Amino acid sequence: IQGLENGGELGRVLNTAGQVVPLPESGLLLTDYLARILGLKPGDRVAMIAETGPEFAACFFGAVYAGLWPVPLPLPTSFGGREIYVEQLRVMLRSSDPSLFLCPPQLLSYAQEAGADRGVLARDWDSLNEVEPATGELPQPDADEIAYLQYSSGSTRFPHAVAVTHRQLLSNLRAHGLGLHVA
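Since we're looking at a predicted model, the values are computed, not measured.

Asks: Before we go on, may I ask you to explain the nonpolar core in this structure?
Replies: Nonpolar side chains in soluble globular proteins tend to end up buried together. Counting 21 residues, the largest nonpolar core has Ile49, Leu73, Tyr85, Leu89, Leu93, Phe101 and Ala114 as the members making the most contacts within it. Elements supplying a minimum of two residues to this core: β3 (45-49), β4 (69-73), α4 (81-96), β5 (100-103), α5 (108-116) and β7 (146-151). A total of 5 residues in this core trace back to one element, the largest contributor, which is α4. In contact with leucine 73, other than residues within four places in its own chain, are Ala47, Met48, Ile49, Ala50, Leu89, Met92, Leu93, Phe101 and Tyr151. In terms of nonpolar packing, the next biggest core, distinct from the first, is built from 18 residues, Val46, Ala66, Leu100 and Trp125 among them.

Asks: Any chance you could explain the packing of α4 against α5 here in plain terms?
Replies: Between two packed helices, both the angle of their axes relative to each other and the distance between the axes serve to describe the pair. Interaxial distance between α4 and α5 falls to 8 Å at its minimum, and their mutual angle equals 50 degrees. Taken together, the axes of α4 and α5 lie oblique to each other. Viewed along their axes, α4 and α5 form a crossing whose handedness is right-handed. Of the residues in α5, those in contact with Arg82, Tyr85, Val86, Leu89, Arg90 and Leu93 of α4 are Ser109, Tyr110, Glu113, Ala114 and Gly115. Tallied by class, residues from the contact of α4 with α5 come to 6 nonpolar, 2 polar and 3 charged.

Asks: Explanation requested: the state of the cysteines in the structure shown.
Replies: Throughout this description, disulfide means a covalent bond between two cysteine sulfur atoms. A complete count under the given rule lists 0 disulfides for this structure. Left unpaired, cysteine 59 is separated from the closest cysteine sulfur, that of cysteine 103, by 9.9 Å. With relative accessibility at 0%, the residue cysteine 59 sits in the buried group. Of the residues examined, cysteine 103 reaches a relative accessible area of 0% and is grouped as buried.

Asks: I would appreciate a short explanation of the packing of aromatic side chains in the present structure.
Replies: Here the distance between the centres and the angle between the planes together describe a pair of aromatic rings. On inspection of all chains with the given rule, the structure shows 4 aromatic pairs. For the pair phenylalanine 60 and phenylalanine 61, a centre-to-centre distance of 5.1 Å together with 80 degrees between the ring planes defines the contact as edge-to-face. Taking the relative accessible area as the measure of exposure, phenylalanine 61 reaches 43% and is therefore partly exposed. When the ring centre of tyrosine 110 is taken as reference, the NZ or CZ atom of arginine 82 above it lies at 4.2 Å.

Asks: Could you clarify how one ought to interpret the environment of leucine 100 in this entry?
Replies: Positionally, leucine 100 belongs in strand β5. For leucine 100, a relative accessible area of 1% corresponds to the buried category. With 30 residues separating them in the primary sequence, leucine 100 and proline 70 have C-alpha atoms 9.7 Å apart.

Asks: Would you mind showing me how to read the sheet that holds β4 here?
Replies: Backbone-to-backbone hydrogen bonds join strands into a sheet, with any given pair of strands oriented parallel or antiparallel. Spatially, 4 strands are ordered β4-β3-β5-β6 in an open sheet, and the strand pairing comes out parallel. The open sheet has two free edges, formed respectively by β4 and β6 (121-124), since each of these has just one partner strand. Strand-to-strand, the axes of this sheet are offset by a mean angle of 25 degrees, without reference to chain direction. Here 3 bridges tie β3 to β5, and the two strands are oriented parallel to one another. Its bridge partner lying in β5, alanine 47 is registered against phenylalanine 101. Against the sheet, α5 contacts β5 and β6, and its axis sits at roughly 170 degrees relative to β6.

Asks: What's the story with the pattern of salt bridges in this structure? I'm lost.
Replies: Between side chains of opposite charge, pairing is possible as soon as their charged atoms come close. Summed over all chains, the structure comprises 8 salt bridges. As a salt-bridge pair, lysine 41 and aspartate 44 come within 3.3 Å of each other at their nearest N and O atoms. The salt bridge partner of glutamate 113 is arginine 90, with a shortest N-O separation of 3.7 Å. With glutamate 113 in helix α5 and arginine 90 in helix α4, this pair connects stretches of sequence that are 23 residues apart.

What counts, and where the lines are drawn
Residues numbered from 1 in each chain as written. Predicted model: local features only at pLDDT ≥ 70, side-chain atom pairs only at ≥ 80, totals over all residues. Heavy atoms only, no water. Core = buried A, V, L, I, M, F, W, Y, C linked by side-chain atoms within 4.5 Å. Buried < 20%, exposed > 50% of the residue type's maximum accessible area, 1.4 Å probe, protein only. Helix = DSSP H or I, 4+ residues; strand = E, 2+ residues; numbered from the N terminus. Contact = heavy atoms within 4.5 Å. Axes fitted to C-alpha atoms, helices over the stretch in contact; angles between N-to-C directions. Parallel < 35°, antiparallel > 145°, perpendicular 65-115°, else oblique. Left-handed = near helix turned anticlockwise from the far one by under 90°. Nonpolar A, V, L, I, M, F, W, Y, C, P; charged D, E, K, R; others polar. Disulfide = S-S within 2.5 Å. Phe/Tyr/Trp six-rings, centres within 6.5 Å; stacked < 30°, edge-to-face > 60°. Lys NZ or Arg CZ within 6 Å of the ring centre and 35° of its normal. Pairing = 2+ DSSP bridges. Salt bridge = Lys/Arg side-chain N within 4 Å of Asp/Glu carboxyl O.

Written out as structure tokens, the structure reads:
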């Protein structure tokens, strides 16, 4: 994400096809208008496959801006195949109780299968281009409100969700900045 430019206007983003597109036309930010169209409200959870790319980043931070709680979920591994991965997603969806499940287009069928028993709407990031913008104020977060849910690695037992507040997130980012000598 290139950030804000031109006196505060939304910037541009590089999509997975390698094309630079303006943010308002990219459909990648999950902001207040998307939340209202899909009936989401601050505090609702949005599960999303944590693929390294601009779509995930835009959806994650857009959810935070909208007062929603992003819930990053893992990409599939080569262990166990589709059935094991879908079951892992089902367990995480049960424990996080999201209202929406976002994913890369190539994993949409996995997300739909995992979300079906819980009635969780699964959409791929590309489908966000279909959402028409609306107006409205974004919620103002409190430092001690939950910013997102993060699952543990699951190296010693099944992953469990940990709530991270805005204050904790910013403290962690500051520590990384100090460690890297960029803050």
